[in-house]
Amino acid sequence: MSYVLGLKCRECGRLYPKDVIFVCEYCFGSVEVDYDYDAIRKTFTKAALATRPKSLWRYRELLPIDGEPRVGHASGFTPFFKAEALGKVLGVRELYIKDDSVSHPTLSFKDRVVSVALTKAMEFGFDTVACASTGNLANSVSALGARAGLRRFIFIPADLEAGKVVSSLIYKPTVVAVEGTYDEVNRLCAEIGAKYNWAFVNINIRPYYAEGSKTYGYEIAEQLGWRAPQHIVIPAAGGSLITKIAKSLKELKMLGFISDAGTRLYAAQATGCAPIVTTIKERADIVRPVKPNTIAKSLAIGNPADGYYATKAVLESGGAAESASDDEIVEAMQLLAQTEGIFTETAGGVTVAAARKLIEQGVIPRDESIVLAITGNGLKTQEPLMNRLGAPTRIKPTLSSFEQQLQETLAACQPRSA
Ligand SMILES: *Cc1c(COP(=O)(O)O)cnc(C)c1O
Ligand SMILES: [Zn+2]
């Protein structure tokens, strides 16, 4: 059963059949999946949802597939909880974390988009999938594509973190490390995609892929007890996640699942690659591409595909944007770990650091509900932490050696609960 009417141009509104189409032939605008919401209303109810498995496929009617899910059966429905300790440090009353750092199977929110994209690719009859990636997408296409039995071509910039490279290679796809920036990788992939009949998840089947990100927003609302928060701080690379969180809340409102909370969306980027943040701050009409230089490699897209729409979604919501320096990113990763026990990657550091600044500036009020989008896992980006966390306490294998150390440690460390 499909609820997809077809594809619709985001600019001129022209309609297309549900096919492998990603730009409007008339105006070159990007196209988006269009649903039959009247049909969806009949089966997609809170009561029906309550009986469904806790995965992203519980929102099946609002995802662009025709048949049954082929991969990612355990993806989605990641933890969501109130972050009391971090909230206290940031001086806010109601802070929540949506934690995709423990996403199944590859520890980032990309498992959402890839589950949807690979299912759609298989429906289209592709046996080969590919992607241009800053790391996490590579990992997810590698892993879920292995599970689905698909041939995989993974294109990455050659300077990625070791953890991201190993986390692709283990699944034995063809990994191609391109000597260039992500934007150069992406341009090359557009050329390759035009020549070979492969499903490039974030290029020729991007309209379907991107819909997977909506589940991040649905889950926030459902896990808050079918309520939208007042503020959501979101890391941006290509800018797709922001636009799809906005779409998810619009859909839930339209379907009567939540009431309008006037949710404001905030874009977070690294100062070394902040084309979307700059556009929002300057209220500019076009996104000016930049050359990335930051430790937040998963967000290092200098020419973001959805930059324009991300900017629009943020400004329409009444939100804002902020960036964080590499030092601020590492400090924020440590802060999140030491308050909430979550080891996030550099992108999560960007979110926490940007949120902190927005709160301190008074842009996000201290007494309203705030959600931080934590989208990736720190085990994959250990390089920026090397030589910054100190070393383990080294002792001889004797009780006396331990107790000598213990005196110093006890004096220095007080439990927070005391
Ligand atoms: C890809 C990615 C993002 C941003 O996604 P876009 O939809 O491209 O803006 C955020 N966080 C992490 C960890 C990512 O890998
Ligand atoms: Zn058009």
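To start, this report covers the structure provided alongside it. (Residues numbered from 1 in each chain as written. Chains lettered and ligands numbered in written order. Predicted model: local features only at pLDDT ≥ 70, side-chain atom pairs only at ≥ 80, totals over all residues. Heavy atoms only, no water.)

1. Topic: the layout of surface pockets
Of the volumes computed, that of the second largest pocket is approximately 550 Å³. If you go around the second largest pocket, you meet 21 residues; those closest to its centre are Thr243, Ala246, Lys247, Lys250 and Glu316. At the level of secondary structure, the elements contributing two or more residues to the lining of the second largest pocket comprise α10 (240-254) and α12 (307-317). Residues that form the lining of the second largest pocket fall into these classes: eight nonpolar, four polar and nine charged. (1 Å grid on protein atoms, 1.4 Å probe; cavity = no way out; pocket = protein on both sides within 12 Å on 5 of 7 lines; lining within 4 Å. Points joined across faces, edges and corners; volume = space filled by probe spheres on them. Helix = DSSP H or I, 4+ residues; strand = E, 2+ residues; numbered from the N terminus. Nonpolar A, V, L, I, M, F, W, Y, C, P; charged D, E, K, R; others polar.)

2. Brief notes about the side chain of Lys98
With respect to the secondary-structure elements, Lys98 resides in strand β5 (residues 94-99). Polar side-chain contacts of Lys98 include one of 2.9 Å to the backbone oxygen of Thr78. (Polar contact = N/O pair within 3.5 Å; in protein donor to acceptor, adjacent residues only side chain to side chain.)

3. What to know about the coordination of the zinc ion (ligand 2)
At this site the zinc ion (ligand 2) is bound by Cys9 (SG), Cys12 (SG), Cys24 (SG) and Cys27 (SG), with donor distances of 2.3 Å. Around the zinc ion (ligand 2), the four donor atoms are arranged such that angles at the metal cover 97 to 119°; this shape is classified as tetrahedral. Within one chain, the residues donating to the zinc ion (ligand 2) are spaced in sequence as C-x2-C-x11-C-x2-C. Of this pair, Cys9 sits in strand β1 (residues 4-9) while Cys24 sits in the loop between β2 (15-16) and β3 (31-35), and the two are 15 residues apart along the sequence. Classification of Cys9 as buried rests on a relative accessible area of 4%. (Donors = N, O, S within 2.8 Å, 3.2 Å for Na, K, Ca; no water. Tetrahedral: all angles 85-135°; square planar, octahedral: opposite > 155°, others 65-115°. Buried < 20%, exposed > 50% of the residue type's maximum accessible area, 1.4 Å probe, protein only.)

4. Here we look at the environment of Cys273
Along the chain, the position of Cys273 falls in the loop between β11 (264-270) and α11 (275-282). Considering only alpha carbons, one finds Cys273 and Ala300, 27 residues apart in sequence, at a separation of 5.9 Å. Leaving out residues up to four positions away in the same chain, Cys273 has contacts with Val290, Pro292, Thr294, Leu299, Ala300, Ile301 and Gly302. (Contact = heavy atoms within 4.5 Å.)

5. Structural notes on the site of ligand 1
For ligand 1, the set of nearby residues contains 16 residues, the closest of which are Lys110, Gly238, Gly239, Leu241 and Thr375. Within the contact set of ligand 1, a nitrogen atom lies 2.6 Å away from a side-chain nitrogen or oxygen of Thr375. Protein contact buries 96% of the 390 Å² of open area that ligand 1 shows by itself. Along the lines of polarity and charge, the residues of the shell around ligand 1 split into seven nonpolar, seven polar and two charged. (Near = heavy atom within 4 Å. Areas by Shrake-Rupley, 256 points an atom, 1.4 Å probe, with all protein chains shown as cover.)

6. Let's talk about the sheet that holds strand β9 (residues 199-200)
Taken in spatial order, the four strands line up as β8-β7-β6-β9 in an open sheet, and their pairing is parallel. The open sheet has two free edges, formed respectively by β8 (174-178) and β9, since each of these has just one partner strand. Sheet analysis places strand β6 (residues 128-132) next to β9, joined by two bridges and oriented parallel. Among the inter-strand pairings, Val129 is bridged to a residue of β9, identified as Ala199. Where helix α7 (residues 182-195) meets the sheet, its contacts fall on β6, β7 (151-157), β8 and β9, and the angle it forms with β7 comes to roughly 145°. (Pairing = 2+ DSSP bridges. Axes fitted to C-alpha atoms, helices over the stretch in contact; angles between N-to-C directions.)

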